[in-house]
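Structure assessment
The primary structure of each chain is shown beneath.
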Amino acid sequence: MKRKVILGTLLVLAVLISGCTQTPATTDKKDSETTTDVVTTASIVNTEDAFIKAISKDGTWIIATLGDLKIDSDLVLDGEFVNGKKDDAGNDIVQRKIGLYTQDEARNVTARFTLTAPKITINSPKASIEHGTFVGDVYVTATDFQLKDQKIEGNLYFTNPEAQATFKMDATSSVTGVQELKQ
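Residues numbered from 1 in each chain as written. Predicted model: local features only at pLDDT ≥ 70, side-chain atom pairs only at ≥ 80, totals over all residues. Heavy atoms only, no water.

A word on the overall build of the chain
A tally of regular secondary structure across the chain gives 3 helices and 20 strands. Taken across its 183 residues, the chain has 40% of its residues classed as buried. Only carbon and sulfur atoms are counted for the fraction: they give 49% of the accessible area of the chain, which is about 9,900 Å². (Helix = DSSP H or I, 4+ residues; strand = E, 2+ residues; numbered from the N terminus. Buried < 20%, exposed > 50% of the residue type's maximum accessible area, 1.4 Å probe, protein only. Areas by Shrake-Rupley, 256 points an atom, 1.4 Å probe, with all protein chains shown as cover.)

What follows is the structure, encoded as structure tokens:
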């Protein structure tokens, strides 16, 4: 049975990685066109160091954990990333995601994980935390931050009115502490 679970998890990760190409968006000052610096895939992480590297400005657009993580330092989700897809106008779609879960080939959540840290600051635009639990405080500086089927055991602070105004949380998400503007 354990072997089936491991094989299933590897299959899910292969499916997730195959559809998750990302490129950080940069602007060429000469002609103001967006160019690609690096092409990477999703970061599948199970250690503190790998997670910290994946959420950095040099990380990946999607960070997926394979188990619970406890990190004793403050975290920062940094950088602007695109998810490899285009919108209806042909523009790259900006997105950043922390996935605290695994899923099967039909995209059903098969396991949920907990990330514990004193705080995480969300600087990446259009970021989300999904399908798990974050224990600590969340500080949001970027626009369009989302919680999707996510529990925050702590406070949710917005550092500016625009971050607060563009925040979205689905009906299955919850925050145990306060949700307020803290400039």
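Considerations on the environment of lysine 86
Assignment of secondary structure puts lysine 86 in strand E7 (residues 81–86). Once you skip the residues sitting within four places of it in the chain, lysine 86 turns out to touch Asn91, Asp92 and Ile93. Here the side chain of lysine 86 touches aspartate 92 through a polar contact of 2.8 Å, side chain to side chain. (Contact = heavy atoms within 4.5 Å. Polar contact = N/O pair within 3.5 Å; in protein donor to acceptor, adjacent residues only side chain to side chain.)

Thoughts on the sheet that holds strand E4 (residues 62–65)
Strand order in the open sheet formed by 6 strands is E3-E4-E9-E13-E15-E18, and the pairing between neighbours is parallel. Two strands lie at the open edges of the sheet, namely strand E3 (43–45) and strand E18 (168–169), each paired on one side alone. (Pairing = 2+ DSSP bridges.)

Looking at the pairing of E4
Here E4 shows a buried face lined by Ile62 and Ala64 and a second buried face lined by Ile63 and Thr65. With 3 bridges joining them, E3 and E4 adopt parallel strand pairing. If you follow valine 45 over to E4, its bridge partner there is threonine 65. As defined by bridge partners, E4 adjoins strand E9 (residues 96–99) across 3 bridges and the pair is classed as parallel.

With respect to the packing of aromatic side chains
Across all of its chains, the model carries 3 aromatic pairs by this definition. Plain terms: the ring middles of tyrosine 139 and tyrosine 157 are 5.0 Å apart, the flat faces sit at 40 degrees to each other, and that makes the pair tilted. A residue pair is termed long-range when its members are at least 10 positions apart, and tyrosine 139 in strand E14 (residues 133–140) and tyrosine 157 in strand E17 (residues 156–158) qualify at 18 residues. By the burial criterion, tyrosine 139 is buried, and tyrosine 157 matches it. Ring geometry for phenylalanine 145 and phenylalanine 167: centres 6.0 Å apart, planes at 20 degrees, overall stacked. Residue phenylalanine 145 is found in the loop between E14 and strand E15 (146–148), and its partner phenylalanine 167 is found in the loop between helix H3 (161–165) and E18; the two are separated by 22 residues along the sequence. Residue class for phenylalanine 145 comes out buried when judged on its relative accessible area of 1%. (Phe/Tyr/Trp six-rings, centres within 6.5 Å; stacked < 30°, edge-to-face > 60°.)

Here's the deal with the side chain of glutamine 150
In this fold, glutamine 150 is placed in the loop between E15 and strand E16 (151–153). You can call glutamine 150 buried: its relative accessible area is 1%. At 3.4 Å, the side chain of glutamine 150 forms a polar contact with the backbone nitrogen of histidine 131. Non-local contacts of glutamine 150, meaning those with residues more than four positions away in its chain, are made with Leu100, Ile129, Glu130, His131, Gly132, Thr133, Phe134, Thr172, Ser173 and Ser174.

Observations concerning the pattern of salt bridges
The full count for this structure, using the stated rule, is 6 salt bridges. Residue lysine 86 pairs with aspartate 92 through a salt bridge whose shortest N-O separation is 2.8 Å. Of the charged contacts, one joins glutamate 130 and lysine 97 as a salt bridge, the two residues approaching to 3.8 Å between their closest N and O atoms. Taken as a pair, glutamate 130 in strand E13 (residues 127–130) and lysine 97 in strand E9 lie far apart in primary sequence, 33 residues in all. Take glutamate 130 and lysine 97: they sit in the same class, and that class is buried. (Salt bridge = Lys/Arg side-chain N within 4 Å of Asp/Glu carboxyl O.)

Structural notes on the confidence of the model for the chain
This prediction gives the chain a mean pLDDT of 84; 78% of its residues lie at or above 70. This model gives residues 1–40 a pLDDT under 50, and the stretch forms 59 contacts once residues within four places in sequence are excluded. (pLDDT = per-residue confidence, 0-100.)

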